[in-house]
Amino acid sequence: MKNDISSKLFKAAKEVIPGGVNSPVRAFKNVDGDPFFVRRAKGCRIEDVDGNQLIDYVGTWGPAILGHAPQCVIDAVHEAAKEGVSFGIPNPFEVEMARKIVQWLPSVEKVRMVNSGTEATMSAVRLARGYTGRDKIIKFVGCYHGHVDSLLVAAGSGALTHGEPDSAGVPASFAAETITLPYNDLEKVRAVFAEMGDQIAAVIVESYPANAGLIFPKEGYLQGLRDVTSEYGAVFIFDEVMTGFRVARGGVQELEGLMPDLTAMGKVIGGGLPVGAFGGKAEIMDYLAPDGPVYQAGTLSGNPLAMAAGLAQLHEMDKLDGYKRLDHLGAHLEAGVRSLLKAKGMDYRFNRVGSMFCLFFTGEEIVNLDSVMTADTAAFRKYFTEMLEQGVYTAPSPYETGFISMAHSESDIDTTLESMEVALGKV
Ligand SMILES: *Cc1c(COP(=O)(O)O)cnc(C)c1O
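Residues numbered from 1 in each chain as written. Predicted model: local features only at pLDDT ≥ 70, side-chain atom pairs only at ≥ 80, totals over all residues. Heavy atoms only, no water.

(A) Structural context of the nonpolar core. With 100 residues, the main nonpolar core has I101, F140, F245, I269, L359 and Y393 as its most contacted residues. Each of domain 1 (4–69 + 320–425) and domain 2 (71–318) contributes no fewer than three residues to this core. The residues touching F140, leaving out its near neighbours within four places in the chain, are A154, L181, P182, Y183, V189, V203, I204, V205, Y221 and L225. Membership of the second largest hydrophobic core comes to 21 residues, among which are V114, V148, A202 and F278. (Core = buried A, V, L, I, M, F, W, Y, C linked by side-chain atoms within 4.5 Å. Buried < 20%, exposed > 50% of the residue type's maximum accessible area, 1.4 Å probe, protein only. Domains from an automatic or database assignment. Contact = heavy atoms within 4.5 Å.)

(B) View of the domain arrangement of the protein. Looking at the assigned domains, one finds that the protein contains domain 1 (4–69 + 320–425) and domain 2 (71–318). Summarising the inter-unit geometry, the C-alpha centres of domain 1 and domain 2 are found 25 Å apart. Listed per partner, the contact involves 36 residues of domain 1 and 36 residues of domain 2. At the boundary of domain 1 and domain 2, one finds zero salt bridges. At the boundary of domain 1 and domain 2, one finds 17 residue pairs in polar contact (both at pLDDT 80 or more). Mapped onto the side of domain 1 that touches domain 2, the elements with two or more residues apiece are α12 (322–344), β11 (349–353), β12 (356–360) and α13 (369–372). Among the elements that make up the side of domain 1 that touches domain 2, the one with the highest residue count is β12 (four residues). Looking at the side of domain 1 that touches domain 2 residue by residue, the class counts come to 24 nonpolar, eight polar and four charged. (Salt bridge = Lys/Arg side-chain N within 4 Å of Asp/Glu carboxyl O. Polar contact = N/O pair within 3.5 Å; in protein donor to acceptor, adjacent residues only side chain to side chain. Helix = DSSP H or I, 4+ residues; strand = E, 2+ residues; numbered from the N terminus. Nonpolar A, V, L, I, M, F, W, Y, C, P; charged D, E, K, R; others polar.)

(C) Quick peek at the UniProt feature "modified residue: N6-(pyridoxal phosphate)lysine" (unreviewed entry) in the protein. Per the UniProt record, "modified residue: N6-(pyridoxal phosphate)lysine" (unreviewed entry) is annotated on K267. The topology assignment puts K267 in the loop between β9 (262–265) and β10 (276–280). The contacts of K267, once residues within four sequence positions are left out, are W61, P63, V241, M242 and V275. (UniProt positions renumbered as here; feature names shortened; annotations may be inferred.)

(D) Representation of helix α11 (residues 304–319) in the model. In this model, α11 (16 residues) spans 22 Å end to end at C-alpha, consistent with the 22 Å of a helix rising 1.5 Å per residue. The opening residue of α11, the one whose side-chain oxygen lies 3.0 Å from the backbone nitrogen of L305, is N303. (Expected span 1.5 Å × (residues − 1).)

(E) Examining the packing of aromatic side chains more closely. Using the criterion set out here, one finds 19 aromatic pairs in the structure. Ring centres 5.6 Å apart and planes at 80 degrees place the aromatic pair F28 and F384 in the edge-to-face group. Pair noted here: F28 is in the loop between α1 (4–16) and β1 (38–42) and F384 is in helix α14 (residues 377–389), with a separation of 356 residues, a long-range link. Accessibility assignment for this pair places F28 and F384 in one class, buried. Judged by centre distance (6.2 Å) and plane angle (40 degrees), the rings of W104 and F245 are tilted. With W104 in helix α3 (residues 92–104) and F245 in the loop between β8 (235–239) and α9 (251–256), this residue pair connects regions lying 141 residues apart in the sequence. Neither residue differs from the other here; W104 and F245 are each classed as buried. (Phe/Tyr/Trp six-rings, centres within 6.5 Å; stacked < 30°, edge-to-face > 60°.)

(F) Seen up close, the packing of helix α2 (residues 71–82) against α11. Packing of α2 against α11 leaves a shortest axis separation of 8 Å and a crossing angle of 150 degrees. By the criterion of interaxial angle, the relationship of α2 to α11 is roughly antiparallel. The handedness of the crossing between α2 and α11 is right-handed. Listed contacts from α11 to C72, V73, A76, V77, A80 and A81 of α2 are P304, L305, A308, A309, A312, Q313 and E316. Tallied by class, the residues present in the contact of α2 with α11 amount to eleven nonpolar, one polar and one charged. (Axes fitted to C-alpha atoms, helices over the stretch in contact; angles between N-to-C directions. Parallel < 35°, antiparallel > 145°, perpendicular 65-115°, else oblique. Left-handed = near helix turned anticlockwise from the far one by under 90°.)

(G) Spotlight on the site of the ligand. Taken together, the neighbourhood of the ligand is formed by S116, G117, T118, Y144, H145, G146, E206, N211, D239, V241, M242 and K267. Within the backbone of G117, a nitrogen or oxygen atom sits 2.9 Å from an oxygen atom of the ligand. Its free accessible area being 380 Å², the ligand has 83% of it covered by the protein chains. Its residues assigned to classes, the shell around the ligand comprises three nonpolar, six polar and three charged. (Near = heavy atom within 4 Å. Areas by Shrake-Rupley, 256 points an atom, 1.4 Å probe, with all protein chains shown as cover.)

(H) View of unusual backbone geometry. In this chain, A289 is followed by P290 through a cis amide linkage whose omega measures 15 degrees. Positionally, P290 belongs in the loop between α10 (282–285) and α11. One non-glycine residue with positive phi stands out, namely T60, at about 50 degrees. Structurally, T60 can be placed in the loop between β3 (53–56) and α2. Positive phi, close to 50 degrees, is recorded for D321, a residue that is not glycine. Locating D321 in the fold gives a position in the loop between α11 and α12.

(I) Region of the structure containing the sheet that holds strand β5 (residues 136–140). If you walk across this open sheet you meet the seven strands as β4-β10-β9-β8-β7-β5-β6, and the pairing is mixed. Every other strand in the sheet has two partners, leaving β4 (110–114) and β6 (178–181) as the edge strands with one partner each. For this sheet, the mean inter-axis angle between neighbouring strands, taken without regard to orientation, is 20 degrees. Of the strands in this sheet, β5, β6 and β7 (200–206) touch helix α7 (residues 186–196), which is tilted by about 150 degrees from β6. (Pairing = 2+ DSSP bridges.)

So this is what it looks like as structure tokens:
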């Protein structure tokens with residue numbers, strides 16, 4: 001792939017931005033390459049500064065569910081901006097957004113807007129601690145909840161390939177309040193509660209872990225977490241930053257028929273602008289300032305442009321019956337990938353829910369991070385590099401989930417499958 005201009009930009013970036021990027025996974029470290037710089041993106045295609053055209057399955061890491069630069073979002077941002085780009089006092093969009101979330105997620109009675117998924121999980125954890133008067137939290141190995149101090153322990157996503165899952169700069173005393181357990185092992189959770197249930201403020205789990213490949217819960221696992229937290233009076237926090245408004249209107253909790261106490265949201269809800277949210281039971285949410293003792297705030301929270309963009313995206317998904325369409329496209333990709341793998345005699349695993357998917361370069365059954373880490377990373381690197389050559393951009397790590405958007409057509413997916421056939425041939 002031609003990369004003269006991208007290379008020059010990356011060199012310049014490294015002089016003034018740590019590692020040349022504003023989020024580590026963008027640095028392509030895991031694929032031994034340099035990142036490309038984007039000039040524009042429209043629909044399911046990205047064009048880089050060197051003029052390469054790529055079919056995109058990263059979708060700005062999830063938010064671009066309608067594809068890039070959908071007209072409805074551009075128009076909504078445009079209209080909102082004409083009236084002012086930020087007020088720092090209440091605006092009507094905030095009420096509309098909150099009502100939409102409450103309507104779509106039955107477990108959410110009240111919701112507060114923030115500016116990123118990290119802020120959403122951070123605030124949910126603080127709220128759970130303030131509400132219960134307890135300090136300890138349980139999280140699961142390989143689950144990524146943003147770069148919150150107490151959650152950056154045994155985390156997924158960029159932290160996995162960074163080589164140091166536990167960041168420098170997180171005090172050991174903070175990390176000591178976080179109990180990490182393997183995913184999909186309910187007995188271990190029960191055992192910890194039996195031992196110190198009265199000290200545990202919350203259990204936080206990624207609805208479907210999707211920052212270490214895409215892992216599905218075993219039958220009864222999520223309900224088991226719901227039951228044990230209820231029994232001990234701990235807050236059950238569902239991190240739907242990636243899956244919310246993506247796998248269904250009401251996220252995984254809709255698919256699984258589950259009622260968490262608090263839900264963290266982000267990505268799709270912002271229509272590509274920086275947005276997060278957390279919400280849940282009114283009884284818990286009312287512990288937040290100004291009515292309650294748990295402090296939480298944000299100068300730009302509920303920003304009118306961000307609210308307008310998110311609302312436009314959600315309305316459009318509803319109007320187009322988008323979740324059904326995405327599941328259809330996902331099934332089309334899945335059928336193609338499975339037949340490719342069969343034809344090539346590769347026993348790689350492929351997981352999918354709706355428009356989210358992951359091809360694992362391993363034949364192991366995927367139940368937790370240990371199974372995910374059996375992936376053949378050298379094979380993945382060859383695959384990724386050849387896919388780029390073929391004009392298809394997938395996440396530059398074997399542990400990230402891919403996303404299909406409403407802007408992908410069956411024929412885009414067929415083109416992708418042809419590229420995959422070539423790329424898998426190089427593995
Ligand atoms: C992306 C993500 C986050 C963090 O969101 P940011 O907006 O990147 O801070 C948290 N949890 C999950 C499950 C995510 O996928």
